[in-house]
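Structure at a glance
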Amino acid sequence: MEVTYQIIGTIHSPFTEQDTTPIQSIFSEAEGTIEVFPEYAEGLQGVEGFSHIILLYHFHQAKGFRLLERPFVDGSKERGIFAIRHFNRPNPIGISLVEVVSVEGNTVRVRGIDVLDGTPLLDIKPYVRQFDHRDDVQSGWVDAKHIEEVKVRSFSPKDLREHEESS
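One structure accompanies this document, and this report is about it. (Residues numbered from 1 in each chain as written. Predicted model: local features only at pLDDT ≥ 70, side-chain atom pairs only at ≥ 80, totals over all residues. Heavy atoms only, no water.)

Comments concerning the overall build of the protein
Scanning the protein for helices and strands turns up three helices and eight strands. The N-to-C order of helical and strand elements in the protein reads β-β-β-β-β-β-β-β-α-α-α. The burial tally for the protein puts 38% of its 167 residues in the buried class. For the protein, long-range pairs separated by at least 24 residues make up 75% of all intrachain contacts whose partners lie at least 6 apart in sequence. Total accessible area on the protein stands at roughly 10,500 Å², and carbon and sulfur atoms take up 51% of it. (Helix = DSSP H or I, 4+ residues; strand = E, 2+ residues; numbered from the N terminus. Buried < 20%, exposed > 50% of the residue type's maximum accessible area, 1.4 Å probe, protein only. Contact = heavy atoms within 4.5 Å. Areas by Shrake-Rupley, 256 points an atom, 1.4 Å probe, with all protein chains shown as cover.)

Structure, rendered in structure tokens:
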């Protein structure tokens, strides 16, 4: 079976290097734009009514994959690639939950972007609280890291590495 996807647009952000890009959108205040190609722009109808959207994109700078990788928030131990959100994956697909600032034509302005500039966009889905929110969630090894107590500038791979080295 062969699976192919159409690139529907491009993500624009202030981030140009993996090492200085926040590792998750929750740690970013940065604004960016989602440029949807004109032939898909009609699909944005109604997006302005949502406070948040989920971006699915291709990690275009990923370099192969390993089934065991060190997560950015815990470089002390390798974890299975499906238990972390590293970009070097068998299928280099990323997801980000971002806040919608505005929709103008084929462009969506967003806040909380954590994606490299020029990243190919695969899809946009609305965040629907009634569908997507869960209570009593367990987050595996992440719960034990107490990420909410980590104090770094930007939660970029570089900042997290420096924090771990100084701890």
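The discussion continues.
Re the pairing of strand 7 (residues 107-111)
Burial along strand 7 is one-sided: the residues Val-108 and Val-110 are buried and none of Thr-107, Arg-109 and Arg-111 is. Summarising the sheet, strand 2 (residues 31-36) and strand 7 pair through five bridges and their orientation is antiparallel. Bridge pairing in strand 7 places Gly-32 opposite Val-110. Turn length for the strand 6 (residues 93-104)-strand 7 hairpin, with the two strands adjacent in sequence and antiparallel, is two residues, and the turn residue Gly-105 shows positive phi of about 60°. (Pairing = 2+ DSSP bridges.)

A short note on the side chain of Ser-13
Tracing the chain through its elements places Ser-13 in the loop between strand 1 (9-12) and strand 2. In this structure the side chain of Ser-13 is engaged in a polar contact, spanning 3.1 Å, whose partner is the backbone nitrogen of Phe-15. Dropping the residues within four chain positions of it, Ser-13 is found in contact with Gly-32, Ile-113, Val-115, Leu-116 and Asp-117. (Polar contact = N/O pair within 3.5 Å; in protein donor to acceptor, adjacent residues only side chain to side chain.)

A word on the sheet that holds strand 6
Strands sit in the order 1-2-7-6-3-8 around a closed barrel of six strands; the barrel is antiparallel. With direction set aside, neighbouring strand axes in the sheet form an average angle of 45°. In this sheet, strand 8 (residues 119-126) lies alongside strand 1 in antiparallel orientation, the contact comprising three bridges. Bridging across to strand 8, Thr-10 finds its partner in Pro-120. (Axes fitted to C-alpha atoms, helices over the stretch in contact; angles between N-to-C directions.)

Let's talk about the pattern of salt bridges
Evaluation of the coordinates by the stated rule reveals six salt bridges. Of the charged contacts, one joins Glu-31 and Arg-109 as a salt bridge, the two residues approaching to 2.8 Å between their closest N and O atoms. Residue Glu-31 is located in strand 2, and its partner Arg-109 is located in strand 7; the two are separated by 78 residues in the primary sequence. Under the relative-accessibility criterion, Arg-109 is labelled partly exposed at 32%. A salt bridge links Lys-125 to Asp-123; the shortest N-O distance between them is 3.4 Å. Each of the salt bridges in this network shares a partner with another, and the network as a whole consists of Glu-31, Glu-99, Arg-109 and Arg-111. (Salt bridge = Lys/Arg side-chain N within 4 Å of Asp/Glu carboxyl O.)

So far we have only geometry, and geometry alone does not tell us how the molecule works.
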